[in-house]
Amino acid sequence: MSKTYYDPTDLRKFGKISDWNEELGSKFFDYYNTVFQEGALSEREKSLIALAVAHTIQCPYCIDAYTGDGLQRGITKEEMMEALHVAGAIRGGASLVHGVQMMNKVNKLEG
Amino acid sequence: MSKLKTQSLHKRDSELAKTNKQLEILSNGIFANGELPTFKDKIAESNQFPLKPKPLEILQINVGYMCNQVCEHCHVDAGPDRKEIMTKETMQQCLDVIKSTGAHTLDLTGGAPEMNPNFRWFVEEAAKVGIKDFIVRSNLTIIRANKKYHDLPEFFKKHNVHVVSSMPHWTRGKTDKQRGEGVFDQSIQALKDLNAVGYGMPDSNLKLDLVYNPSGAFLPANQAAMEKDFKKALLEDFGIQFHNLFSITNLPISRFLDFLIASENYEDYMYALVDAFNPSAVANVMCTNTLSVSWDGYLYDCDFNQMLDLKVASKTKHISNYNEEVLQNRDIIISQHCYGCTAGAGSSCQGTVA
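These notes cover the structure that comes with them. (Residues numbered from 1 in each chain as written. Chains lettered and ligands numbered in written order. Predicted model: local features only at pLDDT ≥ 70, side-chain atom pairs only at ≥ 80, totals over all residues. Heavy atoms only, no water.)

1. Some points on the overall build of chain B
Phase 1 of the analysis: Along the backbone of chain B there are 14 helices and eight strands.
Phase 2 of the analysis: The dimensions of chain B, computed from C-alpha atoms along their principal axes, are 55 × 50 × 40 Å.
Phase 3 of the analysis: A sequence separation of at least 24 residues applies to 74% of the contacts in chain B between residues at least 6 apart.
Phase 4 of the analysis: When the 37 positive and 42 negative side-chain charges of chain B are each reduced to one mean point, those points stand 4 Å apart. (Helix = DSSP H or I, 4+ residues; strand = E, 2+ residues; numbered from the N terminus. Contact = heavy atoms within 4.5 Å. Lys, Arg positive; Asp, Glu negative; His and termini not counted. Charge placed at Lys NZ, Arg CZ, Asp CG, Glu CD.)

The following block contains the structure:
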């Protein structure tokens, strides 16, 4: 039994999830691969979105994957860090915007 | 961030300067214990072993390992301290072959080929043969390195040379990290000099192509997408134009192998290459239509095999007794570094192959 929950080498085994449910696994990967193809957004833009989301949901596999993917696409570390600050701003903002609820509650309770 | 070395592996007496040490690393470990399949076994799965040559299309001549740069990932281990330089006599033997071969492309490389003292004579003589595509792989900075090289754009133009130049990124930081401090600014100026005489301009017959190789332990992305990004950035930031971008995968040999081992990326990189193996790229790998000639006249299946000292498996091993018919019957020599040419869309000195 592994002593840690995450093993970096598990990332390359991602495709194996189809072994236990071929139909749903295939549908997922078809969908996944289609999502990242160039559309209204470029593959490069999608890679940066994925990197920011990966940090927001704190998925170590996704962080490894989309850091590597970004480097492959020539995305610079400055661009990557800016994308992360967008994630950080939204995440921080999501906490702070609830401050309005707190303020409403205080105002209501105190009259 | 690792500091760029200023000396070749050879000068530093590094273990990895020895080709048998590199081949040993590529054959042992994950490839010996069965964790990953050898390249031979992998191509055998699709009945492509042994790899055989097709009719020769490209003759690639390495005129010497001397270079004004010491790039982090150089597979040649080139640098100012390398003294291996092709003699005029060997160049003459190459010219005799160029005249007789059916190859449509002549490809001069190095080191910095311009640093060979007989480079200009060789270009003048080779241009007379009238070969369809005459490539010189110029590292760009050589054009700015010394006054005596400043007229190279005009010289290339005069002999209708197709200029192919390395450019790892459109930003200073990434370029200088891989190729040395100041390389980006010098390269930009050299590209402007080439543009000024007509190289790389839309509709110009003076071909200027760039070569992109990743600046670390990762594979290159889609060549067309990278070309689009390069063109946009170089035009917007510097007013520079060029024709095509060739995307090349770093092969795990020489200084890149040294980097992979030192940065503890070797196994992950080999996994990435093997995972990205594309059987349809095998049929078009460059060793099937190219021959590589070393500074001392020996023949190799490709420039990478040259750097691993894996001479062609043929009775004809030297340019002085060149025999195309005999060479056509050889088996191409392979090892695990060959995975670099079959990953994803494939990789060659002319970019992707699949």
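2. Examining the sheet that holds strand 4 (residues 162-166) of chain B
Residues and elements named next belong to chain B.
Phase 1 of the analysis: Read across the sheet, eight strands follow the order 6-5-4-3-2-1-7-8 without closing on themselves; strand pairing throughout is mixed. Edge strands, defined here as strands with exactly one partner in the open sheet, are strand 6 (245-247) and strand 8 (299-300).
Phase 2 of the analysis: As paired strands, strand 1 (residues 58-62) and strand 7 (residues 290-293) are joined by four bridges and run parallel to one another. Paired with Ile 58 across the bridge in strand 7 is Thr 290.
Phase 3 of the analysis: Its contacts with the sheet place helix 3 (residues 88-100) against strand 1, strand 2 (105-109) and strand 7, and it is angled at close to 170 degrees to strand 1. (Pairing = 2+ DSSP bridges. Axes fitted to C-alpha atoms, helices over the stretch in contact; angles between N-to-C directions.)

3. Side note on the side chain of Asp 107 of chain B
Residues and elements named next belong to chain B.
Phase 1 of the analysis: With respect to the helices and strands, the residue Asp 107 is situated in strand 2.
Phase 2 of the analysis: For Asp 107, a relative accessible area of 1% gives the class buried.
Phase 3 of the analysis: Apart from the residues within four sequence positions on either side, Asp 107 is in contact with Ile 58, Leu 59, Gln 60, Ile 61, Ile 135, Arg 137, Cys 349 and Gln 350. (Buried < 20%, exposed > 50% of the residue type's maximum accessible area, 1.4 Å probe, protein only.)

4. Focus: the interface of chain B and chain A
Phase 1 of the analysis: The interface is formed by 16 residues belonging to chain B together with 10 residues belonging to chain A.
Phase 2 of the analysis: Of the roughly 1,000 Å² buried at the junction of chain B and chain A (both faces included), carbon and sulfur atoms supply 53%.
Phase 3 of the analysis: Contact with chain A buries surface across chain B, with Lys 174, Phe 218 and Ala 221 of chain B losing the most and accounting together for 34% of the total.
Phase 4 of the analysis: Counting across the chain B and chain A interface gives three salt bridges.
Phase 5 of the analysis: Across the salt bridge formed by Arg 12 of chain A and Asp 268 of chain B, the nearest N and O atoms sit 3.2 Å from each other.
Phase 6 of the analysis: Counting every contact that joins chain B to chain A gives four residue pairs in polar contact (both at pLDDT 80 or more).
Phase 7 of the analysis: Listed by contribution, the elements that provide at least two residues to the side of chain B that touches chain A are helix 9 (223-238) and helix 11 (266-275) of chain B.
Phase 8 of the analysis: Along the lines of polarity and charge, the residues of the side of chain B that touches chain A split into nine nonpolar, two polar and five charged. (Buried area = accessible area lost by both parts, 1.4 Å probe. Salt bridge = Lys/Arg side-chain N within 4 Å of Asp/Glu carboxyl O. Polar contact = N/O pair within 3.5 Å; in protein donor to acceptor, adjacent residues only side chain to side chain. Nonpolar A, V, L, I, M, F, W, Y, C, P; charged D, E, K, R; others polar.)

5. Regarding the packing of helix 7 (residues 172-179) of chain B against helix 8 (residues 183-196) of chain B
All names here are of chain B.
Phase 1 of the analysis: In contact at an axis separation of 8 Å, helix 7 and helix 8 are set at 110 degrees when each is read in the N-to-C sense. It follows from the interaxial angle that helix 7 and helix 8 lie roughly perpendicular. Across the interface between the two elements, Arg 172, Thr 175, Asp 176 and Arg 179 from helix 7 touch Val 183, Phe 184 and Asp 185 from helix 8.
Phase 2 of the analysis: For the contact of helix 7 with helix 8, the class distribution of residues is two nonpolar, one polar and four charged. (Parallel < 35°, antiparallel > 145°, perpendicular 65-115°, else oblique.)

6. Observations concerning unusual backbone geometry
Residues and elements named next belong to chain B.
Phase 1 of the analysis: Residues Phe 49 and Pro 50 are joined by a peptide bond in cis, for which omega reads 0 degrees.
Phase 2 of the analysis: Relative to the assigned elements, Pro 50 resides in the loop between helix 2 (39-45) and strand 1.
Phase 3 of the analysis: Residue Gly 111 is reached from Gly 110 by a cis peptide bond, and omega for that bond is 20 degrees.
Phase 4 of the analysis: Checked against the element boundaries, Gly 111 lands in the loop between strand 2 and helix 4 (119-128).
Phase 5 of the analysis: Residue Asp 309 is not a glycine yet carries a positive backbone phi of 55 degrees.

7. Topic: the environment of Lys 311 of chain B
All names here are of chain B.
Phase 1 of the analysis: Here Lys 311 lies in the loop between helix 13 (303-307) and helix 14 (324-328).
Phase 2 of the analysis: Note: C-alpha distance between Lys 311 and Val 293 (18 residues apart in sequence) is 9.7 Å.
Phase 3 of the analysis: Contact partners of Lys 311, with chain neighbours within four places excluded, come to Tyr 298, Leu 299, Tyr 300 and Ile 333.
Phase 4 of the analysis: There is a polar contact of 3.0 Å between the side chain of Lys 311 and the side chain of Asp 309.

8. Overview of the nonpolar core
Phase 1 of the analysis: Ile 61 and Phe 156 of chain B are the most contacted members of the largest nonpolar core, which has 105 residues in total.
Phase 2 of the analysis: Examining the composition of this core, we find that six residues originate from one element, helix 11 of chain B, more than from any other.
Phase 3 of the analysis: Sequence-distant contacts of Phe 156 of chain B, that is, excluding residues within four places in its chain, are made with Glu 114, Phe 119, Val 136, Val 161, Val 163, Leu 194 and Tyr 199 of chain B.
Phase 4 of the analysis: Judged by nonpolar contacts, the second largest core, of nine residues, contains Ala 52, Met 80, Ala 83 and Ala 87 of chain A. (Core = buried A, V, L, I, M, F, W, Y, C linked by side-chain atoms within 4.5 Å.)

9. Focus: the state of the cysteines
Phase 1 of the analysis: In total, this model carries one disulfide over all chains according to the counting rule given.
Phase 2 of the analysis: Between the sulfur of Cys 59 of chain A and that of Cys 62 of chain A lies a disulfide, 2.4 Å long from S to S. Residues Cys 59 of chain A and Cys 62 of chain A are joined through a disulfide that is right-handed, its torsion about the S-S bond being 75 degrees.
Phase 3 of the analysis: No disulfide involves Cys 302 of chain B; its sulfur sits 6.0 Å from the nearest other cysteine sulfur, which is in Cys 287 of chain B.
Phase 4 of the analysis: For Cys 302 of chain B, a relative accessible area of 10% corresponds to the buried category.
Phase 5 of the analysis: As a non-bridged cysteine, Cys 349 of chain B has Cys 341 of chain B as the owner of its nearest cysteine sulfur, 8.0 Å distant.
Phase 6 of the analysis: Owing to a relative accessible area of 11%, Cys 349 of chain B belongs among the buried residues under this scheme. (Disulfide = S-S within 2.5 Å.)

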